[in-house]
Amino acid sequence: MKWLKKLTDPAPPKKSATKSKVPTVSSYLSEKKIVFFPAGPSKRQVLGSLISTLDLKDPSSALKLILSREEMGSTIIAPGLALPHARMEGLVKIEASIGICPSGVTDPHDGGAPIRIYVLFLGPADNMKEHLSFLSSVSALFQKEGFIDELTKLASPKGVLHAIRQAEK
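Conventions adopted
Residues numbered from 1 in each chain as written. Predicted model: local features only at pLDDT ≥ 70, side-chain atom pairs only at ≥ 80, totals over all residues. Heavy atoms only, no water. Helix = DSSP H or I, 4+ residues; strand = E, 2+ residues; numbered from the N terminus. Buried < 20%, exposed > 50% of the residue type's maximum accessible area, 1.4 Å probe, protein only. Polar contact = N/O pair within 3.5 Å; in protein donor to acceptor, adjacent residues only side chain to side chain. Contact = heavy atoms within 4.5 Å. Phe/Tyr/Trp six-rings, centres within 6.5 Å; stacked < 30°, edge-to-face > 60°. Pairing = 2+ DSSP bridges.

Asks: So what's going on with the side chain of Ser-26? Which residues, and what values?
Replies: Relative to the helices and strands, Ser-26 is located in the loop between α1 (2-8) and β1 (34-36). When its relative accessible area of 7% is taken as the criterion, Ser-26 is described as buried. Engagement of the side chain of Ser-26 in a polar contact is seen with the side chain of Glu-168, the distance being 2.5 Å. Among all residues touching Ser-26, those that are not within four sequence positions of it are Leu-161, Ile-164, Arg-165 and Glu-168.

Printed below as a string of structure tokens:
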């Protein structure tokens, strides 16, 4: 993900400039935005359930945007991890949710590798910088080896949120 880091990292600050803090992934989440799935859901069911946790005026439009983005190319960014996302008119900030399916969700269009963690997010259509910053934050969060396994072993949204906050420190 070096290319993403290059896109989102600002030019080196001057000595007198203060570094702006990139929001953490956990700052966009709450326990109600973390969903566990038993074995067997389809990718579409996972995406629909995750969208339903978000504060959106038009969830059906959001699902269409996400599915349209998925058709353009896979959003799998690591083995077992997918980052379905889109930019949407009318949003003022990132809306994000996480889906966890320990047994994995297999979609033949994604090469057949089971996805165990979905980090779904929608960003404001007019704020590409925030969108890219969130992508960068998710990428950095999941660089920790074994973190996907760690999350899939947890049994509660509270536990997942705590693990994410610990990893972000």
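Asks: Talk me through the packing of aromatic side chains; I want residue IDs and the actual numbers.
Replies: By convention here, two paired aromatic rings are described through the distance between centres and the angle between planes. Scanning all chains against the criterion turns up 3 aromatic pairs. Look at Tyr-28 and Phe-134: their rings are 5.1 Å apart centre to centre, the planes differ by 85 degrees, and that puts the pair in the edge-to-face class. One end of the pair, Tyr-28, is in the loop between α1 and β1; the other, Phe-134, is in helix α4 (residues 128-141), with 106 residues separating them in the sequence. When its relative accessible area of 13% is taken as the criterion, Tyr-28 is described as buried. Classification of Phe-134 as buried rests on a relative accessible area of 1%. Through a chain of ring-to-ring contacts, the aromatic side chains of Tyr-28, Phe-121 and Phe-134 assemble into a single cluster.

Asks: Outline the pairing of strand β6 (residues 115-124), supporting the account with residue identities and numerical values.
Replies: Burial within β6 is extensive, with 9 of its 10 residues counted as buried. The sheet contact formed by strand β3 (residues 81-82) and β6 spans 2 bridges and is parallel. Note on β6: the bridge partner recorded for Ala-82 is Tyr-118. Pairing of strand β5 (residues 95-105) with β6 involves 7 bridges; the strand directions are antiparallel. Residue pairing for β6: Glu-95 is matched across the bridge by Leu-122.

Everything listed is a geometric property; what it means functionally is a separate question.
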